[in-house]
Amino acid sequence: MNTIKFCSKCGTPIGPEEKFCGGCGASVAQMEAEAGISSAPQAAPAQAPVQQTVQPDMNAQYAQPAYSQAPAPQTAPKPNPFTKLGGWFVSHKKLSVIIGAAVIVLVVGIIILCNILKYQVIDAKDLFKIEFKGIEGCGTVEAELNCYESYYYSASDASALLGDYADEFDLDELTDSKGKETVSKYFSLDNSTLKKAFSKVDDAKEARSMRAALLKQDKDGNYRIKLKIDNNKNLKNGDKVKCTVKYNEDLLKDKNIKLKNTEFELTVKDLKVGEEIDFFKDVKVSFSGFDGYGTVSVDTGSAYPFLYYDYDYYTENLKNGDKYTVTCNLSVYGVEESGDKCWFEYDGKYYTYAKGAVKDNQITKEYTVEGLGETTTIDPFEGLEYNCSGGIPFVRVSSVKEESINDKIKDYVYYSVECDGYIGEGATFKVTCSPKSTLGENGITLSGDTESDGWGDTQYYKEIKVDDSFPAYVTSDNGIAAMDSYKTLIDEKIEDMKNDIKGHYSPLGTDFDGKVKSIESFDKVDTYVAFTNDTNYDSWGDVNKVINLYKITVKTDDDKNNKATFYAAVYCRNIVADGETFTEDVNFSADYFDKDSDFKKDMVDLKDYTLTKCTANASGSDKDKNDDETSATTTTAATTTTAATEKTDESKADTKATTTTKDSKDSKAETTLVP
């Protein structure tokens, strides 16, 4: 156990078990050694070694003498200068406690004072830029560190590393018109300003380090020092708000920085009076037209420069009672919310509107359609006629005749026809009527079946059945009427034929001697129609041939037989009757025959066509009378149809129609009839 009661270095009392001074940290063992006080018992003196008798040795004279080490004499301890002082304290215990406590308080006070003096104390309010934003009754307080953007400090610190080459940062663009920085002095980029702000240090490097501590950011890039403002909404001028600075105290202590005035109060001021916005103040919506086809007109006005409007510019087909929507778009930045209102500043003025009235910068309003007139309904397919190519049984409808369209809708609709190839009587084709938007605007609606076209617009359609009102290829029933309609053309053709016959030898197809001196007669015998037996249209073939057969008598210069008789067929192909009108711009051809039987044999291939002599013409007059020779040899066509059933599978059978054509020689030909 040691005997020292007070430290010989600083005088601080030392406990019996302490090894170091609690005041200055001096070693107790060292102080005891200096004072001559041993803290361990001394060892007993060493005994002299017993000397043994040895035998004489031949080399004794060379042997080294044996010695024993004697113990060193013990030095008397030096007197302890604190022994008497310690005894005094022991005898004056109460006073000793008072003196010790006073010493401790003095030491602690010195330590605290030193700590206080080493910190840079900053008024927290000086770190922030505080502004009052908004309008009266809807104001807020905005506060942020009054500093530059963080990249300026990064650039400044990088520049400072260059030492004498770039000790100062260029502040030209960061100062006001008077050359003064606009930030807090604690966030200055100027070294001299920064050293004055952080007066506890003389080194600009340390000042920048302290500035960096104030500018610490979190992982999201937000400054750690923040200002919390209580009840920061619905503020009006004169209101008091409490402000509290939030920061990391330990982080600043590491850089010898302490903040004071971390809680303070602000008085709200400078709030402006704002205007409540009427978003549809000048918007005017009007409807016109007829019910079901109404149109809209919108005038948005110009109440506010920051509002623009969206609506359907091309809305059609409106009816009374419909809803029409206009959308108002708010085109501003920096809209703030405070209490029950939103506010913003635009061109030096303040505006407000109720919170929740605008969503995603839009607000809508519905208008009810009303005041539209009544409409008239029309069947767009009534009375239509069609442009066709060919005729029954091979008719193809291409379009609607313009002159057949109802005058009330003619300018407001257009038609299209879908016809699947060439069809016969009883088959159908599709007609579509597409109304223009102007139809409804003129108070007209259409009736009938509807469908949507490729653009989603409504169109009307109808399946039309081919009947006897459609054009049809000429048959034996109207062959005479057809040829009568071409009388002028036929007469011209006959004149050309007479010119070719007179003064010439026998025409191709006839055989008589001598040149023709004169034509004694050129008489019509009969009219015939040759009609195809095909059931499918073939554009390369003829559907019909309408033929006038003529008997010609001539005088020749032949000495033995100066009179000859032969026949001529004047004909045209593919004649179509459309009501009482027949194909225009036809071309007539002519062939010659020695006998009328040659005409019937050679004019038409009976395997592909049925040749029929025509009956009375359309006016009901009898056919031209023939001479006895012609009448005796005239072909009488009797058409009979038989049905032959031919199985194609277990459930279907095809019926083939055949016709038998008889002439005076009882020759027969089986041909397929047109269905």
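Residues numbered from 1 in each chain as written. Predicted model: local features only at pLDDT ≥ 70, side-chain atom pairs only at ≥ 80, totals over all residues. Heavy atoms only, no water.

> I'm lost on the overall build of the chain in this one. Help?
Within the chain one finds 12 helices and 35 strands. Partitioning the contacts of the chain with sequence separation of at least 6, the portion at a separation of at least 24 is 60%. (Helix = DSSP H or I, 4+ residues; strand = E, 2+ residues; numbered from the N terminus. Contact = heavy atoms within 4.5 Å.)

> In this structure, what is going on with the pairing of strand β18 (residues 386–391)? I would like to understand it.
Looking along a regular strand, one sees the side chains alternate between the two faces of the sheet. Bridging between β18 and strand β19 (residues 394–400) involves six bridges; their strand directions are antiparallel. When the bridges of β19 are listed, G391 appears paired with F394. Taken together, β18 and the strand that follows it, β19, pair antiparallel across an intervening segment of two residues. (Pairing = 2+ DSSP bridges.)

> Is there a simple way to think about the pattern of salt bridges in this case?
Should their charged atoms come close, side chains of opposite charge can pair. Under the criterion given, the structure shown has 13 salt bridges. The residue D322 makes a salt bridge to K319 at a minimum N-O spacing of 3.3 Å. Judged by relative accessible area, D322 falls into the buried class, the value being 18%. A relative accessible area of 43% places K319 in the partly exposed class. Salt-bridge contacts for K355 lead to E337; the nearest nitrogen and oxygen are separated by 4.0 Å. With a gap of 18 residues between them, K355 in the loop between β15 (349–354) and β16 (362–368) and E337 in strand β13 (residues 336–338) connect regions that are remote in the sequence. For K355, a relative accessible area of 40% corresponds to the partly exposed category. (Salt bridge = Lys/Arg side-chain N within 4 Å of Asp/Glu carboxyl O. Buried < 20%, exposed > 50% of the residue type's maximum accessible area, 1.4 Å probe, protein only.)

> Sorry if this is basic, but what is going on with the environment of D594 here?
Checked against the element boundaries, D594 lands in the loop between β31 (589–593) and α11 (596–602). Overall, D594 belongs to the partly exposed group, its relative accessible area being 27%. Each C-alpha atom of the pair D594 and A568 lies 8.8 Å from the other, and the pair is 26 residues apart in sequence. Discounting chain neighbours no more than four positions away, the residues touching D594 are G509, T510, D511, T565, F566 and Y567.

> Looking at this structure, I do not really get unusual backbone geometry. What am I missing?
Apart from glycine, the bulk of residues carry a negative phi angle, and the bulk of peptide bonds sit in the trans form. In this chain, I392 is followed by P393 through a cis amide linkage whose omega measures 10 degrees. Mapping P393 onto the fold places it in the loop between β18 and β19. Even without a glycine there, the phi angle at N231 is positive, about 50 degrees. On the secondary structure map, N231 appears in the loop between β4 (226–229) and β5 (240–246). You will see that D585, though not glycine, has its phi angle at about 55 degrees, which is positive. Summarising the element assignment, D585 is placed in the loop between β30 (581–582) and β31.

> I'm lost on helix α6 (residues 204–214) in this one. Help?
Side chains of residues three or four places apart in an α-helix project in the same direction, reflecting 3.6 residues per turn. Taken together, the buried positions of α6 are occupied by A204, A207, R208, M210, R211, A213 and L214. Those residues of α6 that are buried are in contact with β1 (120–123), β3 (138–145), α4 (150–160), α5 (191–197), α7 (249–253) and β6 (257–260). The N-capping residue of α6, defined by a side-chain oxygen 2.9 Å from the backbone nitrogen of K205, is D203. (Polar contact = N/O pair within 3.5 Å; in protein donor to acceptor, adjacent residues only side chain to side chain.)

> For this particular structure, what's the right way to read the side chain of N146?
Its place among the elements puts N146 in the loop between β3 and α4. Assessed through its relative accessible area of 14%, N146 is described here as buried. Once residues lying within four places of it in the same chain are set aside, the contact partners of N146 are L127, F128, K129, T182, V183, S184 and F187.

> Quick question: what am I supposed to make of the environment of I552 here?
When you line up the elements, I552 lands in strand β27 (residues 544–556). Sequence separation between I552 and A568 is 16 residues, and the spatial gap between their C-alpha atoms is 7.3 Å. Apart from the residues lying within four places of it in its own chain, the contact partners of I552 are I501, I519, S521, F522, A564, T565, F566, A568 and Y592.

> In this structure, what is going on with the sheet that holds β27? I would like to understand it.
Paired through backbone hydrogen bonds, the strands of a sheet run either parallel or antiparallel to each other. Across the sheet, which stays open at both edges, the five strands sit in the order β31-β28-β27-β26-β32 with antiparallel pairing between neighbours. Two strands lie at the open edges of the sheet, namely β31 and β32 (609–613), each paired on one side alone. For this sheet the average axis-to-axis angle between neighbouring strands, irrespective of direction, equals 30 degrees. Sheet analysis places β27 next to strand β28 (residues 563–573), joined by 11 bridges and oriented antiparallel. Following the sheet pairing, N548 is matched in β28 by V570. (Axes fitted to C-alpha atoms, helices over the stretch in contact; angles between N-to-C directions.)

> Is there a simple way to explain the side chain of N548 in this structure?
Here N548 is to be found in strand β27. Here N548 falls in the buried class, since its relative accessible area comes to 3%. A distance of 2.7 Å separates a polar atom in the side chain of N548 from a polar atom in the side chain of T527.

> I would appreciate a short explanation of helix α1 (residues 28–35) in the present structure.
For α1, the set of buried residues is V28, M31, E32 and A35. The buried residues of α1 occupy an angular sector of 100 degrees when the element is viewed end-on, so they sit on one face. (Arc of directions from axis to C-beta.)

> Explanation requested: the sheet that holds β16 in the structure shown.
Spatially, the three strands line up as an open sheet ordered β11-β12-β16, and their pairing is antiparallel. In this open sheet, the two strands that pair with only one neighbour each are β11 (307–310) and β16. Across the sheet, the axes of successive neighbouring strands diverge by a mean angle of 25 degrees, strand direction being ignored. As defined by bridge partners, strand β12 (residues 323–330) adjoins β16 across seven bridges and the pair is classed as antiparallel. Considered in β16, the bridge of K323 is made with T368.

> What is the right way to read the pairing of β3 from this model?
In the sheet, strand β2 (residues 128–135) pairs with β3 via eight bridges, with the strands oriented antiparallel. The residue bridging F132 from the neighbouring strand is V141, located in β3. What sits between the antiparallel neighbours β2 and β3 is a turn of two residues, in which G137 has the positive phi angle 85 degrees.

> Help me understand a nonpolar patch on the surface in this model?
Residues L95, I98 and I99 make up a contiguous nonpolar surface patch of about 250 Å² in total accessible area. Look at I98 and you get exposed, because its relative accessible area is 53%. (Patch = residues over 30% accessible without salt bridge, like charges linked within 9 Å, V, L, I, M, F, W, Y side chains within 5 Å. Areas by Shrake-Rupley, 256 points an atom, 1.4 Å probe, with all protein chains shown as cover.)

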